[in-house]
Amino acid sequence: MTNMLLQIKDLRTHFFTESGVVRAVDGVSFDIAPGKTLGVVGESGCGKSVTGYSILQLINPPGRIVGGQILFEREKNGRKEVVDLLKYGARSEDIRQIRGNEIAMIFQEPMTSLDPLFTVGDQLAEAILVHQKVSKRSALDRATELLDKVRLPQARELLNKYPHQLSGGMRQRVMIAMALSGQPKLLIADEPTTALDVTTEGQILDLMQSLQEEFGMAMLFITHDLGVIAEMAEEVVVMYLGRVVEKTDVRTLFDAPKHPYTRALLESIPKVGHKHDGPLQTIEGMVPSPFNIPQGCPFHPRCARFMPGICDEAVPAETPLERSHTVRCYLYSEQAEGDRYGNPA
Ligand code: SF4
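Residue positions are given per chain, counted from 1 along the sequence in the order it is written. Given that the model is predicted, a residue must reach a pLDDT of at least 70 before its local features are reported, and side-chain atom pairs must reach 80 or more before they are shown or counted; all residues, however, enter totals for whole chains, interfaces and linings. Hydrogens and water molecules were not included; the side-chain quantities draw on all heavy atoms of the structure.

Draft legend 1. Summary view of the overall build of the protein chain. Secondary structure counts use DSSP, requiring at least four H or I residues in a row for a helix and at least two E residues in a row for a strand, with both numbered from the N terminus. Counting its secondary structure elements, the protein chain contains 11 helices and 12 strands. In summary, the protein chain has a C-alpha radius of gyration of 21 Å against a globular reference of 20 Å for 345 residues, a match within 12%. Along the three orthogonal principal directions, the C-alpha set of the protein chain runs to about 70 × 50 × 40 Å. Categorising residues by exposure relies on relative accessible area from a 1.4 Å probe, with only protein chains included: less than 20% of the type maximum marks a residue as buried, more than 50% marks it as exposed, and the intermediate range marks it as partly exposed. When burial is assessed residue by residue, the protein chain has 50% of its 345 residues classed as buried. In what follows, residue pairs with any heavy atoms lying within 4.5 Å of each other are defined as contacts. Counting contacts in the protein chain only where the partners sit at least 6 residues apart, residues at least 24 apart contribute 62% of the total. Per-residue and other accessible areas follow the Shrake-Rupley method at a 1.4 Å probe size, with only the shown protein chains counted as cover for residues. Here the protein chain displays about 16,900 Å² of accessible surface, and carbon together with sulfur accounts for 49% of that area. Averaging the coordinates of the 37 positive side-chain charges in the protein chain and doing the same for the 44 negative ones gives two points 4 Å apart. C-alpha atoms define the radius of gyration in this analysis, and the globule rule sets the expected value at 2.2 Å times the number of residues to the power 0.38. Only four residue types enter the tally: Lys and Arg on the positive side, Asp and Glu on the negative side, with His and both chain ends excluded. A single reference atom marks each charge: NZ on Lys, CZ on Arg, CG on Asp, CD on Glu.

Draft legend 2. Summary view of the site of the ligand. Every residue lining the ligand is accounted for by His259, Pro260, Cys297, Phe299, His300, Cys303, Arg305, Cys311, Cys329, Tyr330 and Leu331. Taken atom by atom, the bulk of the ligand overlaps the largest cavity. Tallied by class, the residues present in the shell around the ligand amount to 8 nonpolar, 2 polar and 1 charged. Neighbouring residues are identified by heavy atoms, a residue being near a molecule or strand if any of them is within 4 Å of it. Detection works on a 1 Å grid of protein atoms alone, calling trapped sets that fit a 1.4 Å probe cavities and calling open sets with protein on both sides within 12 Å along at least five of seven lines pockets, with lining residues defined by an atom within 4 Å of a point. In this description, a molecule resides in a pocket or cavity if more than half of its atoms sit within 2 Å of the grid points defining it. Only Asp, Glu, Lys and Arg are considered charged in this grouping, and only Ala, Val, Leu, Ile, Met, Phe, Trp, Tyr, Cys and Pro are considered nonpolar; every other residue, Gly among them, is considered polar.

Draft legend 3. Highlighting the layout of surface pockets. Estimates place the volume of the largest pocket at around 660 Å³. As for the largest pocket, its lining consists of 19 residues, of which Arg99, Gly100, Met105, Ala127 and Met178 are closest to the centre. For the lining of the largest pocket, the element with the highest residue contribution is helix H4 (residues 120-131), accounting for 5 residues. Either an automatic procedure or a domain database provided the assignment from which the domain bounds are taken. Counting the residues that make up the lining of the largest pocket, at least three belong to each of domain 1 (1-102 + 184-281 + 318-345) and domain 2 (116-183). Grid points are joined across faces, edges and corners, and a volume is the space filled by probe spheres set on the points.

Draft legend 4. Up close: the nonpolar core. Only buried residues count toward a nonpolar core, which is a set of Ala, Val, Leu, Ile, Met, Phe, Trp, Tyr and Cys residues joined through side-chain atoms within 4.5 Å. Ranked by size, the top nonpolar core spans 39 residues in total, and within it Leu147, Ile176 and Met208 carry the most contacts. In terms of residue count, the dominant contributor to this core is helix H7 (residues 168-180) (7 residues). When residues of this core are sorted by domain, at least three fall in each of domain 1 (1-102 + 184-281 + 318-345) and domain 2 (116-183). Discounting chain neighbours no more than four positions away, the residues touching Met208 are Ile106, Ile176, Leu187, Ala189, Pro192, Met219, Phe221 and Met232. In terms of nonpolar packing, the next biggest core, distinct from the first, is built from 35 residues, Ala24, Ile59, Phe107 and Val237 among them.

In short, geometric facts, not functional conclusions.
Here it is, written out as C-alpha cells:
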C-alpha cells in the first residue's frame, strides 16, 4: 500500500431481502491518504452511506459484505501494519478497538446516536473509558477539554445537560467531541450537516476543518451536497447505484467533469452570480429501483448521451484518464470508440 491510510478494493455489500438482492455497494474502490479528505457524493440510495458503514463493519442483516478488501494502516504494539479490516469479524476485539478509536464516525442526526437518558458528560466519559484506562474523574476532565475543543461555551456546565436541552448544532458538536475522544486517524462523516441550518452548517464545517488540521486526521466525507464537497474535499468519488462512476480531484470535478451523471449533478445546482431565466436544470427520470437495475450502464435510462446497443449492453469498465481521474462511461472507453461517437472531453 503506497502511502495510503485506507484502500478500499472492489467492496461489495449486498442486502438479501425477501423481494430480492439489493447490491447497495457493488465493486467500489478508492483510497484515502493520511490527513486528506475524500468526498463521496451521489443521490439518495447510491450506496455512499453503506460504504461508510461497511468500513466499520456496521452492516446488520439482511445486509452482508460479500467481497472486497478494506486495507487500513494501523499502529499495533508500536508497529505500523496494514490490515484487511474484513478479515476481522464484526464482533472481534480488533474491530472494536478500531471503532471509535482509530476510525470514528459521525452521523446526520446526532439524536439517533446520543442517548436521551444520559447526560452529555456521562456519554462522553463512557466513550473515553471504552478505549482509555483512566479514572472516571480524568475522563470527565478530558470530556471538558473536548467540549472546549469543539468550541462549546461553559463546557463544565454542559456535562450535566441532557441531549434534548441542546440545539441541533450543539448536539453535532458533542458528537464531534465524542468522535475525537480516541484521536482517530480517520473520521467518517455521514451527512453531518444535512439536518442543520445554513449558518450552523458553515460553523460546523469550519470547525471540522480546523480540528482535522490540529489532529492530522483523514476524513471520508459523505454528502449529497456538491457545495459541501467543494468546501471540504481534496479528492472526490461520485457514486451511482452502488458503483463509483467518476473519481478525481475536486478542482477537476468542478472544472472538467466527464461522466454525464456528474455533469448533470453540477448543472442542477444554482450558481451565484449567474443570471438564469429558465427553470433550474434537473436530472431526467428517477433513480431506478434497486431491485430492478437496468442492464448495461445503470444511468442509461436518464442519460442524454445514451448510445443504444452500447450503453444498454454491459456495465462500462473504469477508464483511466489523465492523472488520478477515472470514469465509468463508454464515451471515454475504446470499447465504444469514444471519438467516433463524439467524445465530449
Ligand atoms: Fe450515458 Fe452511455 Fe456513458 Fe452510461 S455509458 S453515462 S448511458 S453515455
